[in-house]
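Residue-level structural notes
Listed below, chain by chain, are the residues.
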Amino acid sequence: MVVALITSFACGGSSGAAAHSPAQQASPSSTATSSPSPPAAASTTPQASAGPASPSPAAVTGAYGVLVGAQSGANYTVTLVGTDAKVVATAQASTPAAVTCANAAAGVVPLPVSSSNSRLYFMDAQGVIRFLAPSGDTGRVTTVPVAGARRSMFAVSPDDRRIAVVVADFNSGGAATRLYVEDLNGGGNHIELFTQGGGFTLWPIGWHGTTSIVVAKVPACTQGGGPLCCGPQELHVIDPATAVRRFTIGGSGCVIAGAASPAGAVCEDTASYSKATVLTWTAATVRTVGVAGPTPANLSPDGALVALTQFSTGSTFINGKDRTLAMQACGWIDSTHVLAGGDAQQQPRVGNVSTGAVVPVAAQGVCGGRLPGGV
């Protein structure tokens, strides 16, 4: 699941959500109003499989960036972009309806896409999930719950076999959150993992391999806020069969500041916004990076570089390479190419961090992840 963090830096006002401390681990049947956190353990009974697993499609041999069109119209586009900035495939779907918290605030939701090691998956207004491959092949795979103030968020495993789904019912108090996992094709081996209600919800942002799901703790609603107000506060690495939380990445004092990668994620110190910390998926600190205020910080897939977007200059500084690119990067394609999203006023671009070259993309949209997928 892709996290559109750039909007988090344009909310205005003071930072409210970042100041909340994470909830303690709770019972999977809890309906408390504290923020959702997958429990220390959950009792689950997998349903019988619907049949033998389908063969996984072949993993991509190259790398592709994902652009997702605006969510304000009746339809939106998804586009796969190569490291050479050429469009390789595109598709369109009806746009999922916006959700609110009892009409008092906007429900906070991620982009309706997820990627595996072979395909991009995207959801339409009816909850139908389809795929797009770099070859241009498309198809329908499953359906998730949507209706009124209900929105589903999803993450497909790298091998295309399983899907993690968070169903959030937004209300005046935040959202009622439900997390389940099942087979991507046919819905077999269904496991209900977690339910809870309150001012925070969860996003399934991806799978770490096929043995862990990464979910983000996110404010359910927003009426505007400060830096890092409207996206993941921390990441939880959990067992996809039991919901046991293995590691917590970031937290109220160091809020997640960019899209996660297979190498880990970056959080920023909320006391002064002067330091970014690179963390592994076992919550180990790799290094710290100085930053001048809150800024998107995206970690490269190999973990060697951090792309720091600087809105005041319209550029991106590549920490670890000591290079500045004339673009506002919002994600990585591979460990040597970054992607900048855009709209009618700003053209998406691909930047080469080795050469400094920046090439425009003949498509529009914001960053929605990369192929191959997984975090």
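**Some details on the pairing of strand β3 (residues 87-94)**
Bridging between strand β2 (residues 75-82) and β3 involves 7 bridges; their strand directions are antiparallel. Paired with V81 across the two strands is V87, which belongs to β3. Taking the residues that link successive antiparallel strands as the turn, the β2-β3 hairpin has 4 residues, and the phi of A85 there is positive, at about 75 degrees.

**Details of the packing of aromatic side chains**
Within the structure shown, the criterion is met by 1 aromatic pair. A cation over an aromatic ring shows up here: R119 above the ring of F131, its NZ or CZ 3.6 Å from the ring centre. Across the ring face of F200, the terminal group of K217 is positioned such that the distance to the ring centre comes to 4.6 Å.

**Some words on the pairing of strand β1 (residues 64-68)**
Taking burial as the measure, the 5 residues of β1 include 5 buried ones, the bulk of the element. Across 4 bridges, β1 lies against strand β30 (residues 366-371) in antiparallel orientation. Paired with G65 across the strands is R370, a residue of β30. Bridge count for β1 against β2 is 5 bridges, and the pairing is antiparallel.

**Focus on the pattern of salt bridges**
Considering all chains together, one arrives at 5 salt bridges under this definition. Residue D124 pairs with R130 through a salt bridge whose shortest N-O separation is 2.6 Å. Exposure remark for R130: the relative accessible area of 29% places this residue in the partly exposed category. A salt bridge links R150 to D169; its shortest N-O distance comes to 2.7 Å. Linking R150 in strand β9 (residues 150-156) with D169 in strand β10 (residues 162-171), this pair joins segments that are 19 residues apart in sequence. Accessibility expressed as a relative area gives 26% for D169, which makes it partly exposed.

**Observations concerning the state of the cysteines**
Evaluated as defined, the whole model comprises 3 disulfides. Across the disulfide, C101 is cross-linked to C221 (sulfur-sulfur distance 1.9 Å). Handedness here is read from the sign of the S-S torsion; for C101 and C221, about -95 degrees, the answer is left-handed. Placement of C101 in the loop between β3 and β4 (106-107) and of C221 in strand β15 (residues 221-222) is noted, with a sequence separation of 120 residues between them. Using a relative accessible area of 3% as the deciding quantity, one classes C101 as buried. The disulfide partner of C330 is C367, and the S-S distance across this bridge is 1.9 Å. Residues C330 and C367 are joined through a disulfide that is right-handed, its torsion about the S-S bond being 70 degrees. On the criterion of sequence distance, the pair formed by C330 in the loop between β25 (323-325) and β26 (331-334) and C367 in strand β30 is long-range, its members being 37 residues apart. Like C367, C330 is buried.

What counts, and at which threshold
Residues numbered from 1 in each chain as written. Predicted model: local features only at pLDDT ≥ 70, side-chain atom pairs only at ≥ 80, totals over all residues. Heavy atoms only, no water. Pairing = 2+ DSSP bridges. Helix = DSSP H or I, 4+ residues; strand = E, 2+ residues; numbered from the N terminus. Phe/Tyr/Trp six-rings, centres within 6.5 Å; stacked < 30°, edge-to-face > 60°. Lys NZ or Arg CZ within 6 Å of the ring centre and 35° of its normal. Buried < 20%, exposed > 50% of the residue type's maximum accessible area, 1.4 Å probe, protein only. Salt bridge = Lys/Arg side-chain N within 4 Å of Asp/Glu carboxyl O. Disulfide = S-S within 2.5 Å.

Take it as geometry only, folks, not as evidence of what the structure does.
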